[in-house]
Amino acid sequence: MSTRGRERAQVTGVWLALSALRWLAALPVVQPRIFRDELLHWQLARSFVTHRPFLVSGQVVDYPAVLYPAILSLGLHGANLHRAFHFAQGLNALMTSAVVFFAYALARELVDHRSALAVAVLAGLAPAGGYSVFIMEESAYYPLFVASCWLGWRVLVHGRWRDALACAVALSLTYFAKPLAVPLVAAYAGVVVLWMLSELRDGRARALLVPLAVRIAPVAAFGLMLVMRHALTARGADATQSGVVLGRFYSEELGGALIPPLKPFTAVVLSLALALALGVGIAPLVSVLGGWRARVADRRRLWLALLAIAVAAVYVLAAARHTMVINRAPKIHERYAFAVGPLFLALFFADAAPLGVAAIAVASIGIAAVMARIAYTALPDNTWVNGPSMTAAWLALTKVGSGVVVGLLLGVATALVCLAARRARVRHGPMALAAVLAVPLLVLNVVWYAFVYRIQGALEPMQHTIAALEALPPAARITTLVSEDRDPMAMLSYYGKFWLEDRLTVYWTGTAPPPWYADSAGPAANAAPATRATHLIGLPGVASPCAGAVRAPLVTAGSSLPVELVTVPPTACPR
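Residues numbered from 1 in each chain as written. Predicted model: local features only at pLDDT ≥ 70, side-chain atom pairs only at ≥ 80, totals over all residues. Heavy atoms only, no water.

**Some words on the packing of helix H5 (residues 99-108) against helix H6 (residues 113-124)**
Phase 1: In contact at an axis separation of 8 Å, H5 and H6 are set at 145° when each is read in the N-to-C sense. As for how H5 packs across H6, the hand of that crossing is right-handed. The residues of H6 that touch H5, namely those facing Val 99, Val 100, Ala 103, Tyr 104, Ala 107 and Arg 108, are His 113, Ala 116, Leu 117, Val 119, Ala 120, Ala 123 and Gly 124.
Phase 2: A class-by-class count of the residues in the contact of H5 with H6 yields ten nonpolar, two polar and one charged. (Axes fitted to C-alpha atoms, helices over the stretch in contact; angles between N-to-C directions. Helix = DSSP H or I, 4+ residues; strand = E, 2+ residues; numbered from the N terminus. Left-handed = near helix turned anticlockwise from the far one by under 90°. Contact = heavy atoms within 4.5 Å. Nonpolar A, V, L, I, M, F, W, Y, C, P; charged D, E, K, R; others polar.)

Rendered as structure tokens:
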């Protein structure tokens, strides 16, 4: 086998090994946990299987991220949806781990095969890769994002039309995996402007026309794609569209202040930056604090550094604003920013100089001070799902209750990892450096997966109730009656929509506006005739407004939710 063939086989082997590990790690997770996102992607994928594409809850949706559910649908053929769920996790693992190909390709432009392979492995170990256990579009988005960055960097450095075409295709595919590709295009365009200004210093403006056209071509092609997509997509008024989609991905995003209140906004920005640093093993981001003379001397490294910083800054700021707009309290969402990590990994392994002691000291003290001040913003109650890289710190905060202590622990960890990385690079080379960086990433992965496994136990009563409903005859039409968004019926309703699909209707009887998962609303007495239900399920007493309804036992292997199931005779519950 040739040297190139052997190298390709090794990268492919890393991909398959990481995919197998991710899939095996996902198997204990048997339920979705990130609603509304997972329900949306699951229903879109199922709509491809049933030959009714782009339908969610029976309504046409205008949602551009169709690439992920289209791929996911390959594993959803069959009657056993629980088996399909695990098969989907396998597809997720293959997609997420495919980042190794593009991380390797980027690093290989700058370093030897072994160092590039190390970058690929570390990119595959990103803690946020744990999202592959869920039905989340990040699985397809992550590798495509890194591919877009790699090709964008090639266009900046080489200025070739074939790279520009490939970059435009990659950006479009990334957009159809997750609309969050738009800030990447904006960041790339900003770096192109920097390139143009640097070239104009020589005073040869006319000679720059063709090189500038090549570099701006991916942006123009992406803009043309957006125009064509919107022109070809049929859209109706919001009332005729799925609120699950428009309410979550359009209306709320466009609302709110352009710049949220500065103090909480800054806290979220710093939290996201810290999550990004932890997600690449800390040292690669710390290294950006120094070594700029060497980068300036190497044109390729310089433009990779500028692209990485620009993309990271745009995504951290955009993600921080996003969370401030759609959440009542400031929260972090690492999954909006983590994909930029491989750029810093590639840059770190390409840097010739070791980490500076001054940079390590500044980063360690800064992280300790920042975390001590904003621990309760960086580590809110839902950190385990929104910031996998922060889960270990969050668990520490729940134990010690002191942001100062957690900050000091993070500061010490930063110093130890960076000093170990510095020593490994100087004395033992890139493989030892990769091993040092892999340790914190593996620890963060293990902590996150272990915590996700532990909280699965809280879902057992809901799982038993769902199993009892699945055992009803296929022709049964089940309606859940929900009056409060926090009662057991709320949880049963959105899990029921995931597993029972069209067999289940959610009927809202509360005084507040209906939540996102409700299909219809009205008085409890109208629930059965309005939804043509054969069975009603709700809190104890659900049969009282429905004369003639008969309570049916919830026969399961274990304890169920504190709810009642009733059978509705055809002549019962008149309007």
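That shown, we press on.
**Structural notes on the pattern of salt bridges**
Phase 1: Summed over all chains, the structure comprises 13 salt bridges.
Phase 2: Arg 154 is the partner of Asp 163 in a salt bridge, and the nearest nitrogen-oxygen pair spans 3.2 Å.
Phase 3: Of the residues examined, Asp 163 reaches a relative accessible area of 5% and is grouped as buried.
Phase 4: Close ionic contact of Arg 160 with Asp 163 constitutes a salt bridge, the shortest N to O distance being 3.2 Å.
Phase 5: One salt-bridge network, held together by shared partners, links Asp 37, Glu 137, Glu 138, Lys 178 and Arg 335. (Salt bridge = Lys/Arg side-chain N within 4 Å of Asp/Glu carboxyl O. Buried < 20%, exposed > 50% of the residue type's maximum accessible area, 1.4 Å probe, protein only.)

**Here we look at the sheet that holds strand E7 (residues 550-552)**
Phase 1: Read across the open sheet, the six strands follow the order E5-E4-E3-E6-E8-E7; overall the sheet is mixed. One side of each edge strand has no neighbouring strand; the edge strands of this open sheet are strand E5 (520-521) and E7.
Phase 2: Two elements, strand E4 (residues 504-508) and E5, share two bridges in a ladder whose sense is parallel. Among the inter-strand pairings, Tyr 507 is bridged to a residue of E5, identified as Ser 520.
Phase 3: Packing of helix H23 (residues 488-500) onto the sheet brings it into contact with strand E3 (478-482), E4 and strand E6 (535-538), and relative to E3 it is tilted by some 155°. (Pairing = 2+ DSSP bridges.)

**Observations regarding helix H8 (residues 161-177)**
Phase 1: With 17 residues, H8 extends 24 Å from end C-alpha to end C-alpha; this agrees with the ideal 24 Å at 1.5 Å per step.
Phase 2: Those residues of H8 that fall on the buried side of the exposure criterion are Asp 163, Ala 164, Cys 167, Ala 168, Ala 170, Leu 171, Ser 172, Thr 174, Tyr 175 and Ala 177. (Expected span 1.5 Å × (residues − 1).)

**Brief notes about the confidence of the model for the chain**
Phase 1: When pLDDT is averaged along the chain, the result is 88; 92% of the residues meet or exceed 70.
Phase 2: The low-confidence segment residues 236-250, where pLDDT is below 50, has 41 contacts with residues more than four positions distant or belonging to other chains. (pLDDT = per-residue confidence, 0-100.)

**Observations concerning the side chain of Lys 178**
Phase 1: Position of Lys 178 relative to the elements: it lies in the loop between H8 and helix H9 (181-200).
Phase 2: You can call Lys 178 buried: its relative accessible area is 4%.
Phase 3: One polar contact links Lys 178 to Glu 137, side chain to side chain, over a distance of 2.9 Å.
Phase 4: When near neighbours in sequence (up to four residues on either side) are disregarded, Lys 178 contacts Ala 65, Glu 137, Glu 138, Tyr 141, Arg 335 and Tyr 336. (Polar contact = N/O pair within 3.5 Å; in protein donor to acceptor, adjacent residues only side chain to side chain.)

**Re the packing of aromatic side chains**
Phase 1: Under the defined criterion, the tally for this structure stands at 26 aromatic pairs.
Phase 2: Site record: aromatic cluster; members linked through ring pairs are Phe 35, Trp 42, Phe 85, Tyr 494, Tyr 495, Phe 498, Trp 499, Trp 516 and Tyr 517.
Phase 3: Its guanidinium or amino end placed over the ring of Trp 292, Arg 295 lies 4.8 Å from that ring's centre, counting from NZ or CZ.
Phase 4: The positively charged end of Arg 425 is found above the aromatic ring belonging to Phe 348, 4.8 Å away from the centroid. (Phe/Tyr/Trp six-rings, centres within 6.5 Å; stacked < 30°, edge-to-face > 60°. Lys NZ or Arg CZ within 6 Å of the ring centre and 35° of its normal.)

**Considerations on unusual backbone geometry**
Phase 1: Phe 35 connects to Arg 36 through a cis peptide bond whose omega is 15°.
Phase 2: Phi angles above zero are rare outside glycine, and Ile 282 is one such case at about 70°.
Phase 3: With respect to the secondary-structure elements, Ile 282 resides in the loop between helix H12 (262-278) and helix H13 (283-286).
Phase 4: In this structure, Arg 532 is a non-glycine residue whose phi angle is positive, near 55°.
Phase 5: Mapped onto the elements, Arg 532 comes out in the loop between helix H24 (527-531) and E6.

**Quick word on helix H7 (residues 138-158)**
Residues that lie three or four places apart on an α-helix share one face, since the helix turns once every 3.6 residues.
Phase 1: Across its 21 residues, H7 extends 30 Å between first and last C-alpha, which sits within 8% of the 30 Å expected from 1.5 Å per residue.
Phase 2: Across the 21 residues of H7, 20 count as buried, placing the element largely inside the fold.
Phase 3: Just beyond H7, the residue with positive phi is Gly 159, at close to 65°.

**Examining the environment of Ala 140**
Phase 1: Within the fold, Ala 140 resides in helix H7.
Phase 2: The sequence separation of Ala 140 and Trp 15 amounts to 125 residues, and the corresponding C-alpha distance is 14 Å.
Phase 3: If near-sequence neighbours (up to four positions away) are discounted, Ala 140 is found in contact with Tyr 68, Met 95 and Ala 177.

**What to know about the packing of helix H22 (residues 460-470) against H23**
Phase 1: At a closest axis distance of 10 Å, the pairing of H22 and H23 adopts a crossing angle of 50°. Regarding the angle of H22 to H23, the classification is oblique. Helix-helix and strand crossings are classified by hand; for H22 and H23 the assignment is right-handed. Residues Met 462, Thr 465, Ile 466, Leu 469 and Glu 470 of H22 pack against Met 491, Leu 492, Tyr 495, Gly 496, Trp 499 and Leu 500 of H23.
Phase 2: Each residue belonging to the contact of H22 with H23 can be placed in one class, and the counts come to eight nonpolar, two polar and one charged. (Parallel < 35°, antiparallel > 145°, perpendicular 65-115°, else oblique.)

**Let's talk about a nonpolar patch on the surface**
Phase 1: Together, Trp 23, Leu 24, Leu 27 and Phe 87 make up an exposed nonpolar region whose accessible area comes to about 380 Å².
Phase 2: Overall, Leu 24 belongs to the exposed group, its relative accessible area being 56%. (Patch = residues over 30% accessible without salt bridge, like charges linked within 9 Å, V, L, I, M, F, W, Y side chains within 5 Å. Areas by Shrake-Rupley, 256 points an atom, 1.4 Å probe, with all protein chains shown as cover.)

**Notes on the environment of Ile 71**
Phase 1: Within the element layout of this structure, Ile 71 appears in helix H3 (residues 67-72).
Phase 2: Residues Ile 71 and Trp 153, spaced 82 residues apart in sequence, show a C-alpha to C-alpha distance of 27 Å.
Phase 3: Dropping the residues within four chain positions of it, Ile 71 is found in contact with Leu 91 and Met 95.

**Quick word on the pairing of E4**
The side chains of a regular strand alternate between the sheet's two faces.
Phase 1: The buried count for E4 comes to five of five residues, which makes it a mostly enclosed element.
Phase 2: Going residue by residue along E4, you find Leu 504, Val 506 and Trp 508 tucked away on one face and Thr 505 and Tyr 507 tucked away on the opposite face as well.
Phase 3: Here E3 runs beside E4; their pairing, made up of five bridges, is parallel. Bridging across to E4, Ile 478 finds its partner in Leu 504.
Phase 4: Each parallel crossover has a hand, and for E3 linked through H23 to E4 it is right-handed. (Right-handed = clockwise from strand over helix to strand, strands pointing away.)

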